[in-house]
Amino acid sequence: MCHVALRVLTIFGLFKNNQIVGVDDVSMMIRDATEADLPAIVAIYNASVPGRTATADTEPVSIESRRDWFRDHDPEKRPLWVAVDGEVVVGWLSFQSF
């Protein structure tokens, strides 16, 4: 995990035993995303398209159309993280240059 994420989570008391501890003692882990996570990332992203609160996209995106975007991320400079509950990706976060 990126040291910035670790520091933020530690400040808020959400990081214990190398895991993020949720409100109801549900533990999740945040880690650098791998390309194997891309289908889950795209599924989560596409679920936000109809509501248009998290994206301006009006149509779902494909895994292939997001592959270059994924590869543009660098864990040290422009991380892409996933939150996993067990083996299931339940969320993601990315940083990008503007």
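Residues numbered from 1 in each chain as written. Predicted model: local features only at pLDDT ≥ 70, side-chain atom pairs only at ≥ 80, totals over all residues. Heavy atoms only, no water.

Novice: Describe the confidence of the model for the protein, and please don't skip the residues or the numbers.
Specialist: Looking at the protein, pLDDT values average 79 and 71% of them are 70 or higher. No element of the protein has a lower mean pLDDT than helix α1 (residues 3-11), at 53, and none a higher one than helix α3 (residues 63-71), at 95. (pLDDT = per-residue confidence, 0-100. Helix = DSSP H or I, 4+ residues; strand = E, 2+ residues; numbered from the N terminus.)

Novice: Give me the pattern of salt bridges: which residues, what numbers.
Specialist: Overall, the coordinates contain four salt bridges when judged by the stated rule. The closest approach of N and O atoms between Arg 31 and Asp 37, which form a salt bridge, is 2.7 Å. Given a relative accessible area of 25%, Arg 31 falls into the partly exposed group. The closest approach of N and O atoms between Glu 64 and Arg 67, which form a salt bridge, is 3.1 Å. On the criterion of helical spacing, the pair formed by Glu 64 and Arg 67 is a turn pair, its members being three residues apart in helix α3. When salt bridges that share partners are traced, they join Glu 35, Glu 64, Arg 67 and Arg 71 into one network. (Salt bridge = Lys/Arg side-chain N within 4 Å of Asp/Glu carboxyl O. Buried < 20%, exposed > 50% of the residue type's maximum accessible area, 1.4 Å probe, protein only.)

Novice: Talk me through the side chain of His 73; I want residue IDs and the actual numbers.
Specialist: Relative to the helices and strands, His 73 resides in the loop between α3 and β4 (80-85). A relative accessible area of 13% means that His 73 is categorised as buried. A polar contact of 2.8 Å, which involves the side chain of His 73, links it to the backbone oxygen of Trp 69. Polar contacts involving the side chain of His 73 include one to the main-chain carbonyl oxygen of Phe 95, which spans 3.4 Å. Ignoring sequence-local partners within four residues, the contact set of His 73 consists of Arg 78, Pro 79, Leu 80, Ser 94 and Phe 95. (Polar contact = N/O pair within 3.5 Å; in protein donor to acceptor, adjacent residues only side chain to side chain. Contact = heavy atoms within 4.5 Å.)

Novice: Break down the pairing of β4 for me, citing the residues and quoting the values.
Specialist: β4 sits mainly inside the fold: five of its six residues count as buried. As paired elements, β4 and strand β5 (residues 88-94) share six bridges and run antiparallel to each other. Counterpart to Asp 85 in the pairing with β5 is Val 88. From the end of β4 to the start of β5, which pair antiparallel, there are two residues, and Gly 86 there has a positive phi angle of about 70 degrees. (Pairing = 2+ DSSP bridges.)

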